[in-house]
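Fold and contact review
Residue strings, one per chain:
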Amino acid sequence: MKLYGVVGDPIAHSLSPLLHNYAFDELDIAAHYQPFHIKNDQLAAFVTACRTLDIQGWNVTIPHKQTIVQHLDRLDPLCEAIGAVNTVVKVREEYVGYNTDGVGFLKGLEEVRKVNTGDRVLIIGAGGAAKAILYTLHDAGIRQVDVYNRTAGNAQNLLQESPFSHSGEVLAYEEGIVDCTMYDLVVQTTSVGMYPHINVSPIEAHFREGSCVVDIIYTPFETKLLTAARNQGCCVQNGIPMFVHQARLAFSLWTEADAPIEAWKRLITNQLGGTATC
Ligand code: ATR
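Being a predicted model, the structure only gives us computed values, none of them experimental. (Residues numbered from 1 in each chain as written. Predicted model: local features only at pLDDT ≥ 70, side-chain atom pairs only at ≥ 80, totals over all residues. Heavy atoms only, no water.)

Observations regarding the state of the cysteines
Scanning the entire structure with this criterion turns up zero disulfides. Sulfur of C50: no disulfide; nearest cysteine sulfur belongs to C79 and is 16 Å away. Judged by its relative accessible area of 1%, C50 is buried. Here C212 is not disulfide-linked; the sulfur of C235 is the nearest cysteine sulfur, at 3.6 Å. (Disulfide = S-S within 2.5 Å. Buried < 20%, exposed > 50% of the residue type's maximum accessible area, 1.4 Å probe, protein only.)

Listed below in structure tokens is the structure:
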């Protein structure tokens, strides 16, 4: 029996054990996926315990995505650029860090829309999720990615620190309705609008009909921002595709098998008590 898991604080809410244990069962893989509730000062001991127990890999979530780096043996290049890990894989005797959040986002997006290098993109937010998505878009050759954030300095730092060539700009934070009609794709990465504060939105915007708006939140299934975008004729997507695709990529790094992502989407939807996905 191989052992995998997810490390974070808190961790009880994580849907990852449900997904990975379902996939192990479905694919007849002798493995188990365990949530590990680990506080900051326990992280080094956790990784030592993983080595002792021969744990084959694990996911990393808040607050350990950056601090885990110092405890690993090496990082995949995109993960190294992002500076945050969401997946660890045992390769021979080494623990190697990956970040599947950004590529998970891209794969999820490709379910509804092909991505072109000439796309004009706006990212809302400048935290860890924004960074993973921005760097993955840059890495994929998309140069025109602007950032809109409450604190302009954080958006400036995010763009300036990117090691990829790009020509994005920081949009000044504005009260009122922001003109987003020049964008082919808008990606909302902050926690604004997440349950229980579902009546707020990080931006009131005019979108272009036919453009695509993604909110990486999935509680609620449709945020206030997504409802507004849908009412303006946009193609909208919530955070479930990104979540299942980042998990699919981790699962395939560990097992080289294809995860049952359509079943995963149904599991998540049922678990969250809803019937609708975007
Ligand atoms: P994560 O790592 O999950 O992406 P994070 O690093 O805490 O989360 O990033 C949070 C992002 O959400 C930031 O861009 C933050 O804006 P600031 O840079 O101004 O802090 C944004 N954010 C959080 N709460 C917000 C709010 N109430 N209104 C607007 N933006 C908010």
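Brief notes about a nonpolar patch on the surface
Nonpolar side chains collect at one region of the surface, where M194, Y195 and I198 lie side by side and expose about 310 Å² of accessible area between them. By the secondary structure assignment, Y195 is in the loop between strand 11 (185-188) and strand 12 (204-207). Looking at Y195, the relative accessible area reads 62%, which means it is exposed. (Patch = residues over 30% accessible without salt bridge, like charges linked within 9 Å, V, L, I, M, F, W, Y side chains within 5 Å. Areas by Shrake-Rupley, 256 points an atom, 1.4 Å probe, with all protein chains shown as cover. Salt bridge = Lys/Arg side-chain N within 4 Å of Asp/Glu carboxyl O. Helix = DSSP H or I, 4+ residues; strand = E, 2+ residues; numbered from the N terminus.)

Some words on the sheet that holds strand 2 (residues 31-37)
Spatial ordering of the open sheet is given by 2-1-3-5-6-4, a layout of six strands whose pairing is mixed. With partners counted over all chains shown, the strands left at the sheet margins are strand 2 and strand 4 (74-75), one partner each. Direction of pairing for strand 4 relative to strand 6 (residues 94-98): parallel, over a ladder of two bridges. Across the sheet, the residue bridging to R74 is V96, located in strand 6. Each of strand 1 (2-8), strand 2, strand 3 (57-60), strand 5 (87-91) and strand 6 touches helix 8 (residues 240-255); the most contacted strand, strand 5, lies at about 10° to it. (Pairing = 2+ DSSP bridges. Contact = heavy atoms within 4.5 Å. Axes fitted to C-alpha atoms, helices over the stretch in contact; angles between N-to-C directions.)

Here we look at the domain arrangement of the protein
How big an interface is tends to be stated in terms of accessible area lost as the parts join. Split by domain assignment, the protein resolves into domain 1 (2-99 + 241-272) and domain 2 (103-238). Put simply, the middle of domain 1 and the middle of domain 2, counted by C-alpha atoms, are 25 Å apart. Counting from both sides, the interface comprises 16 residues of domain 1 and, opposite them, 20 residues of domain 2. Taken together, the two surfaces of domain 1 and domain 2 that pack against each other cover about 1,500 Å², and 74% of this comes from carbon and sulfur. Counting the surface domain 1 buries against domain 2, the share from its top three residues, L78, I82 and M242, is 37%. Joining domain 1 to domain 2, the criterion identifies one salt bridge. Among the ionic pairs, E111 bridges to K265, the shortest N-O distance being 2.7 Å. (Domains from an automatic or database assignment. Buried area = accessible area lost by both parts, 1.4 Å probe.)

Digging into the site of the ligand
Contacts to the ligand come from G125, A126, G127, G128, A129, N149, R150, T151, N154, T190 and V192. For the ligand, an oxygen atom lies 2.6 Å from a polar atom in the side chain of N149. Protein contact buries 61% of the 650 Å² of open area that the ligand shows by itself. Here the ligand is seated within the second largest pocket. (Near = heavy atom within 4 Å. Polar contact = N/O pair within 3.5 Å; in protein donor to acceptor, adjacent residues only side chain to side chain. 1 Å grid on protein atoms, 1.4 Å probe; cavity = no way out; pocket = protein on both sides within 12 Å on 5 of 7 lines; lining within 4 Å. Sits in = over half its atoms within 2 Å of the grid points.)

Things to note about the packing of aromatic side chains
A ring pair, where both rings are aromatic, is described by two values, the distance of the centres and the angle of the planes. Here the structure, examined in full by the defined rule, presents eleven aromatic pairs. A connected cluster of aromatic rings, assembled from ring pairs, spans Y4, F24, Y33, F251, W254 and W264. (Phe/Tyr/Trp six-rings, centres within 6.5 Å; stacked < 30°, edge-to-face > 60°.)

A word on the pattern of salt bridges
Counted by the stated rule, this structure contains 13 salt bridges. A salt bridge links D101 to K65; the shortest N-O distance between them is 2.9 Å. Here K65 lies in the loop between strand 3 and strand 4 and D101 lies in helix 4 (residues 101-109), a separation of 36 residues in the sequence. According to the relative accessible area criterion, D101 is buried, its value standing at 11%. A residue is classified by how much of its surface remains accessible, and K65, at 23% relative accessible area, is partly exposed. Between R208 and D184 there is a salt bridge, with its nearest N and O atoms 2.8 Å apart. Taken together, the positions of R208 in the loop between strand 12 and strand 13 (212-215) and D184 in the loop between strand 10 (177-180) and strand 11 put the pair 24 residues apart, joining distant regions of the chain. Among the residues examined, D184 registers a relative accessible area of 18% and is labelled buried. Each of D54, K90 and E93 takes part in one network of salt bridges that share partners.

Quick word on unusual backbone geometry
Following D9, the chain continues to P10 via a peptide bond in cis, the omega torsion being 5°. Its location among the elements puts P10 in the loop between strand 1 and helix 1 (16-26). With an omega dihedral of 10°, the bond running from T219 to P220 counts as a cis peptide bond. Here P220 shows up in the loop between strand 13 and helix 7 (224-231). Of note, D54 is a non-glycine position whose phi angle comes to about 60°, a positive value. D54 gets classed as partly exposed once you look at its relative accessible area, which sits at 38%. Despite not being glycine, R92 has its phi angle at roughly 50°, a positive value. Positionally, R92 belongs in the loop between strand 5 and strand 6.

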